[in-house]
Number of protein chains: 2
Amino acid sequence: MPRFTSHIFVCCNTRAPGHSRGCCDPSGDESLRDAFQAALKARHLSVDVRANRAGCLDQCEYGPTVVIYPQGIWYGRVRVEDVPRIIEETIVGGRVIDRLVIPDPCLNTKGAVPWPIANP
Amino acid sequence: MPRFTSHIFVCCNTRAPGHSRGCCDPSGDESLRDAFQAALKARHLSVDVRANRAGCLDQCEYGPTVVIYPQGIWYGRVRVEDVPRIIEETIVGGRVIDRLVIPDPCLNTKGAVPWPIANP
């Protein structure tokens, strides 16, 4: 059987309200992960692509965070509404969505480098 | 800041005893993930390498399962005692430990293909 062509890790970490770093899933309902899983199933992609629950990916300040491997695409501020486009453009089409990419200089800084790209 | 040179996802999924597929963390204590995290810290590798908690990686029959990205190395039947060698050989040395590799024909078969490699 083939490996996953894309393995999507969705941060489902929940911290107490008011934590200085925030967290990716304040409500703890894993709705973002569920949205990826449902979208993959609807597109019959679940065999080759997996949307996985992940613990803290340590990019809390730019979250909700999603990392797609083996491509190594880090997306931040991901909303449930972004999921269909991520599936179509990135997973199926192989194109990175610039608006969602956490810039490399921000990664692993624990928020010390502000993300300069404002979302519409 | 650099990306993670290796991002280690450790399956911490727990199922009820007797489940037909088993699970990677029957005790639910996340001891395997903790062992990776402690080993990385002891080797001062925590900045560049992350050991991440993951939900079910869907290779339950070959677990406890660990996948290392972006290299795409799938290790199965991983024990806490294997962690130091994985860190030294694979993470630091860049060498795959054949004994631990889940063979490609087994991946994503939900256990339909027996893993023919007996661990010592």
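As shown above, the structure is provided for reference.
Residues numbered from 1 in each chain as written. Chains lettered and ligands numbered in written order. Predicted model: local features only at pLDDT ≥ 70, side-chain atom pairs only at ≥ 80, totals over all residues. Heavy atoms only, no water.

Trainee: Looking at this structure, how should I read the overall build of chain A?
Mentor: Helices and strands together make up the secondary structure of chain A, namely two helices and four strands. For chain A, the succession of helices and strands along the chain, N to C, is β-α-β-β-β-α. Its C-alpha atoms give chain A a radius of gyration of 14 Å, within 12% of the compact-globule value 14 Å for 120 residues. Seen along its three principal axes, the alpha-carbon backbone of chain A occupies a region of about 40 × 25 × 25 Å. The proportion of buried residues among the 120 residues of chain A is 50%. (Helix = DSSP H or I, 4+ residues; strand = E, 2+ residues; numbered from the N terminus. Rg over C-alpha atoms; globule rule 2.2 N^0.38 Å. Buried < 20%, exposed > 50% of the residue type's maximum accessible area, 1.4 Å probe, protein only.)

Trainee: Is there a simple way to explain the interface of chain A and chain B in this structure?
Mentor: One frequent convention defines the size of an interface as the accessible area lost when the parts assemble. The partner chain B presents 25 residues to the 25 residues of chain A that form the contact. A buried area of about 2200 Å², summed over both sides, lies between chain A and chain B, and 48% of it is on carbon and sulfur atoms. Here chain A is connected to chain B by four salt bridges. Looking at the side of chain A that touches chain B, the elements that each hand over two or more residues are strand E1 (6-11), strand E2 (49-54) and strand E3 (66-69) of chain A. Here the side of chain A that touches chain B gets four residues from one element, more than from any other, and that element is E2 of chain A. (Contact = heavy atoms within 4.5 Å. Buried area = accessible area lost by both parts, 1.4 Å probe. Salt bridge = Lys/Arg side-chain N within 4 Å of Asp/Glu carboxyl O.)

Trainee: Where do I start with the pairing of strand E1 (residues 6-11) of chain B in this structure?
Mentor: As a general feature of sheets, a regular strand has side chains that alternate between the two faces. All names here are of chain B. Counting buried residues in E1 gives six out of six residues, a clear majority hidden from the surface. A two-sided burial pattern is seen for E1, the buried positions comprising Ser6, Ile8 and Val10 on one face and His7, Phe9 and Cys11 on the other. With six bridges connecting them, E1 and strand E2 (residues 49-54) associate as parallel partners. Following the sheet pairing, Cys11 is matched in E2 by Ala54. Note on the crossover from E1 through helix H1 (residues 31-42) to E2: the handedness is right-handed. Where E1 meets strand E3 (residues 66-69), four bridges bridge the pair, whose relative direction is antiparallel. Pairing of Val10 across the sheet is with Val66, part of E3. (Pairing = 2+ DSSP bridges. Right-handed = clockwise from strand over helix to strand, strands pointing away.)

Trainee: Even after reading the chapter, I still don't get the relation of the copies chain A and chain B, so can you show me in this structure?
Mentor: By a simple turn and slide, chain A fits onto chain B: the slide is 0.0 Å along the axis, the RMSD is 0.0 Å, and the turn is 180°. Both copies of the chain, as the preceding transformation shows, are related through a two-fold rotation axis. Counting the interface residues of chain A, we find that 100% of their copies in chain B are interface residues as well, pointing to one common contact surface. (Least-squares fit on C-alpha atoms with pLDDT ≥ 70 in both.)

Nothing here speaks to function; it is all geometry.
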